[in-house]
Amino acid sequence: MKKWMPIRGDFIPSGENVVFQGEKLSSDKSSTYNVLMEQNVPSGIILFEDMISNGVIEVTVTFEELGKDDLAQIVFNYQNDLCYMCAGIGNTLAKYGFNYINGQANTIYSTGFMEELPATQFDMKLHLTGSFLELYVNSIKVLSSAIPFLVNRTHTGILVKSRRKVTISGFKTDYMRPEVFVISQFGGDYDVLYDEVIKPVCTKLHYDPIRGDEVASCSMILSDIITSIQNSAVIIADITPDNPNVFYEIGYAHALKKPTILLCDKALRDRLPFDVSGFRTIFYDNSIGGKRRVEEKLEVYLQNINNSLGVAGGSIV
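Residues numbered from 1 in each chain as written. Predicted model: local features only at pLDDT ≥ 70, side-chain atom pairs only at ≥ 80, totals over all residues. Heavy atoms only, no water.

Colleague: Teacher, can you tell me more about the overall build of the protein here?
Modeller: Across its full length, the protein holds five helices and 20 strands. When each of the 317 residues of the protein is scored for burial, the buried share is 47%. Long-range pairs, those at least 24 residues apart, make up 65% of the contacts in the protein with a sequence separation of at least 6. A total accessible area of about 15500 Å² is found for the protein, and carbon and sulfur atoms account for 52% of it. (Helix = DSSP H or I, 4+ residues; strand = E, 2+ residues; numbered from the N terminus. Buried < 20%, exposed > 50% of the residue type's maximum accessible area, 1.4 Å probe, protein only. Contact = heavy atoms within 4.5 Å. Areas by Shrake-Rupley, 256 points an atom, 1.4 Å probe, with all protein chains shown as cover.)

Colleague: I'm lost on helix α3 (residues 221-231) in this one. Help?
Modeller: Along an α-helix, a turn takes 3.6 residues, which lines up residues three or four apart on a common side. Listing the buried residues of α3 in full gives Asp-224, Ile-225, Ile-226, Ser-228, Ile-229 and Gln-230. Turning to α3, the residues buried within the fold contact β10 (121-129), β11 (132-137), β15 (179-183), β17 (234-238) and α4 (244-255).

Colleague: Explanation requested: the packing of aromatic side chains in the structure shown.
Modeller: How two aromatic rings sit relative to each other is given by the distance of their centres and the angle of their planes. Per the counting criterion, the structure on display carries five aromatic pairs. Relative to Phe-122, the ring of Phe-63 lies with its centre 6.2 Å away and its plane at 80 degrees, an arrangement referred to as edge-to-face. Taken as a pair, Phe-63 in strand β5 (residues 55-63) and Phe-122 in strand β10 lie far apart in primary sequence, 59 residues in all. The same class applies to Phe-63 as to Phe-122, namely buried. (Phe/Tyr/Trp six-rings, centres within 6.5 Å; stacked < 30°, edge-to-face > 60°.)

Colleague: I tried to follow the side chain of Arg-163 on my own but got confused; where do I start?
Modeller: Residue position: Arg-163 is located in the loop between β13 (154-161) and β14 (166-175). Residue classification places Arg-163 among the buried positions, given a relative accessible area of 9%. At 3.2 Å, the side chain of Arg-163 forms a polar contact with the backbone oxygen of Lys-68. (Polar contact = N/O pair within 3.5 Å; in protein donor to acceptor, adjacent residues only side chain to side chain.)

Colleague: Sorry, what's going on with the pattern of salt bridges here?
Modeller: Side chains that differ in sign of charge can pair as their charged atoms come close. Taken as a whole and judged by the stated rule, the model has 13 salt bridges. Between Asp-285 and Lys-266 there is a salt bridge, and its shortest N-O distance comes to 3.9 Å. Taken together, the positions of Asp-285 in the loop between β19 (281-284) and α5 (288-306) and Lys-266 in the loop between β18 (260-265) and β19 put the pair 19 residues apart, joining distant regions of the chain. Through salt bridges with shared partners, a single network forms among Asp-191, Arg-211 and Asp-213. (Salt bridge = Lys/Arg side-chain N within 4 Å of Asp/Glu carboxyl O.)

Colleague: Help me understand helix α2 (residues 188-204) in this model?
Modeller: The terminal C-alpha atoms of α2, which comprises 17 residues, lie 24 Å apart, in line with the 24 Å expected from a rise of 1.5 Å per residue. Listed in full, the buried residues belonging to α2 are Tyr-190, Leu-193, Tyr-194, Val-197, Ile-198, Val-201 and Cys-202. Backbone geometry just after α2 places His-206 at a positive phi near 70 degrees. (Expected span 1.5 Å × (residues − 1).)

Colleague: Looking at this structure, how should I read the nonpolar core?
Modeller: Generally speaking, a soluble globular protein has its nonpolar side chains buried in company with each other. Grouped together as the largest cluster of nonpolar side chains are 37 residues, with contacts concentrated most on Phe-76, Ile-89, Met-124, Leu-126, Leu-133 and Ile-158. Here Ile-89 is in contact with Phe-63, Leu-71, Ala-72, Gln-73, Lys-95, Tyr-96, Leu-117, Phe-122, Met-124 and Val-137, once residues within four sequence places are set aside. (Core = buried A, V, L, I, M, F, W, Y, C linked by side-chain atoms within 4.5 Å.)

Colleague: What should I look at first to understand the pairing of strand β4 (residues 43-52) in this one?
Modeller: Judged by how many residues are buried, β4 sits mostly within the fold: seven of ten residues are covered. Relative to β4, strand β1 (residues 4-8) is paired through four bridges, and the arrangement is antiparallel. Residue Met-5 lies in a different strand from β4, and its bridge partner there is Leu-47. With seven bridges connecting them, β4 and β13 associate as antiparallel partners. Pairing of Gly-44 across the sheet is with Val-160, part of β13. (Pairing = 2+ DSSP bridges.)

Structure (structure tokens):
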């Protein structure tokens, strides 16, 4: 059985499962206790040992009895009891939702309204890929949404809300290394920089680097590039030449609030365009020593991104 720990609420082990206890109503349906319980549905959060920022989370949740305002959501990006994200099902105004809890509930996206959920057992699967999530319930995709960028791997778990028992079973995760999408021209020195500097640094810090010419697909090239930017964790872009395609892709990455690292050969461009002048930029010399310094600075930048959710501006010369 996986290791787990309750954060709040009453949970007990039951074989390979974990059971949220809820609250049993007394036989006196008119009691003050029952009236309060009808207004205040007990909730609980349990975390498992699995840690993830990018990948798939699966779980089966079974309600003893599905009541009004009951819910079960997969918890991820957990910072503390007042700061986490979750997505799943609910017997509320919206059947399926993605929420960002930051001091108070903040519904980012929800769908499926009004009618009660049609069952008491739900197989949920949550895909986290770059800046997007997809929620599947009983093998049906019921929700997809953009999400704030996730840097750090954090413990995952379940948020439940019910007056009766809720059984949690089959919890598992499949962690996938986050991708770094590299935007640059192809050929010559740009290939050397990508193969000999960018790739090794990304791999060392547990990212999978990919460039536009490495995407294997039958789709339109622009569509593949857009998808790669969406699915990536970090963008690295060489802006040395005035390449409209490169700047278009950087603009889209910035619109998605992707952490973006710019590279520039300082012998070929001594000033940055105004619109990107505030972003972190590594200026380099196209030499053996210059590439070594790029490697060192790029590693520092990627490590800083690993340690924070913010994207700071500024340049290193």
